Structure formats: structure tokens, C-alpha cells
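# Structural description and commentary
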Amino acid sequence: MAVRYDEVEVGTELPAQSFPVTRATLVRYAGASGDFNPIHWNEKFAVGVGLPDVIAHGMFTMAEAIRVVTDWTGDPGAVVEYGVRFTKPVVVPNDEAGAVIEVSGKVAKLLDDRRVQVDLLATSAGQKVLGMSRAVVQLA
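How each quantity is defined
- Residues numbered from 1 in each chain as written.
- Predicted model: local features only at pLDDT ≥ 70, side-chain atom pairs only at ≥ 80, totals over all residues.
- Heavy atoms only, no water.
- Pairing = 2+ DSSP bridges.
- Helix = DSSP H or I, 4+ residues; strand = E, 2+ residues; numbered from the N terminus.
- Axes fitted to C-alpha atoms, helices over the stretch in contact; angles between N-to-C directions.
- Patch = residues over 30% accessible without salt bridge, like charges linked within 9 Å, V, L, I, M, F, W, Y side chains within 5 Å.
- Areas by Shrake-Rupley, 256 points an atom, 1.4 Å probe, with all protein chains shown as cover.
- Salt bridge = Lys/Arg side-chain N within 4 Å of Asp/Glu carboxyl O.
- Buried < 20%, exposed > 50% of the residue type's maximum accessible area, 1.4 Å probe, protein only.
- Core = buried A, V, L, I, M, F, W, Y, C linked by side-chain atoms within 4.5 Å.
- Contact = heavy atoms within 4.5 Å.
- Phe/Tyr/Trp six-rings, centres within 6.5 Å; stacked < 30°, edge-to-face > 60°.

### Things to note about the sheet that holds strand 5 (residues 127-138)
Pairing within the open sheet is antiparallel, and its five strands lie in the order 1-3-4-5-2. Edge strands, defined here as strands with exactly one partner in the open sheet, are strand 1 (13-21) and strand 2 (79-86). On average, adjacent strands in this sheet sit at an angle of 20° to one another, irrespective of strand direction. With eight bridges joining them, strand 3 (residues 99-110) and strand 4 (residues 115-124) adopt antiparallel strand pairing. Considered in strand 4, the bridge of Gly105 is made with Leu120.

Okay, structure coming up:
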């Protein structure tokens, strides 16, 4: 069922989601994206360049966050603009649990042409990992 512009208002909350991330997830993403930077899979290298551990790809983190919007609309094509600032890395320990990216969103503005601005909050381990995470969405 498509979300209708007439049914949302400023403050409408999107269903929050949690996205688990393990080292295996990062290896699969590296293969799919072609980004084999060792900070995303090699703990010794990551620590050697000053990181606390292996970190998730920024674009992976960004993609997981927008899923809250695409799942809400039911149509990935409804996203007409999307941007973030990377504020903290998602640190992914080498264990069974890995890390979790927690994402919530709400309608921040009603725009012209049946579009809305959705602001997202993405955190991991209690720290905000994306700043100014905003999407413009075309609604029915």
C-alpha cells in the first residue's frame, strides 16, 4: 500500500529498524561494490591507521539507513534526493554479534508536488553515525 501525501504530516514517524552488520556482511558488500579497502576487513590494517577496529563502508551504512524510507513507501523509486554526512564510523568487531545500525525517521517538512522531507537518525553503539541524513520522497 503506497503512502499517500494526504495521510502524513510533519512529525509522522516511520517504523524504526535495526540492521545487523558482521564481518561477513562487509566482505559481501566489498565484493558487490568493488571497495576492498582493508579498513573494511583487515583488523591489523584498520588499527594501524588509527581506527578502533574494522569499520563498515560509509556507502553501506548510508544504504542501510535509507531502507527505513524505502520500506515505508514500498517503492525505492520514490526517493528523489538523499544525502548524509558521515559523522562516526560503524565499528564492526570480529565476533558473532558484529555491530547494529539503528535507524529511525520522521517527516520533517511537507514540500510541493506531493513530496516530503524525511530526516533520519542513524546510530551504532550509542553514537550518531550519520549527520544531516535527509531524503526527499515523492508520495502518491
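### Some thoughts on a nonpolar patch on the surface
Together, Val27, Phe36 and Trp41 make up a nonpolar patch on the protein surface, roughly 340 Å² of accessible area in all. We classify Trp41 as partly exposed; its relative accessible area is 44%.

### Remarks on the nonpolar core
Trp72, Val103, Val116, Val118, Leu120, Val137 and Leu139 are the most contacted members of the largest nonpolar core, which has 33 residues in total. In terms of residues, this core owes the most to one element, helix 3 (residues 58-73), which gives seven residues. Dropping the residues within four chain positions of it, Val116 is found in contact with Tyr5, Val8, Val107, Lys109, Leu110, Leu111, Ala135, Val136, Val137 and Leu139.

### Observations regarding the packing of aromatic side chains
With the rule as written, the count across this model stands at one aromatic pair. Relative to Phe60, the ring of Tyr29 lies with its centre 5.4 Å away and its plane at 65°, an arrangement referred to as edge-to-face. Taken together, the residues span a long stretch of sequence, with Tyr29 in helix 1 (residues 23-33) and Phe60 in helix 3 at a distance of 31 residues. For Phe60, a relative accessible area of 8% gives the class buried.

### Focus: the environment of Pro76
Along the chain, Pro76 turns up in the loop between helix 3 and strand 2. On a C-alpha basis, the gap between Pro76 and Ile66 in space is 9.0 Å, while along the polypeptide they are ten residues apart.

### Looking at the pairing of strand 4
In this antiparallel pair of consecutive strands, strand 3 and strand 4, the connection spans four residues, and Asp113 shows a positive phi of 60°. Here nine bridges tie strand 4 to strand 5, and the two strands are oriented antiparallel to one another. Each bridged residue has a counterpart across the sheet, and for Arg115 the counterpart in strand 5 is Gln138. In this structure, the hairpin formed by strand 4 and strand 5 is closed by a connection of two residues, where Ala125 is found at a positive phi of approximately 55°.

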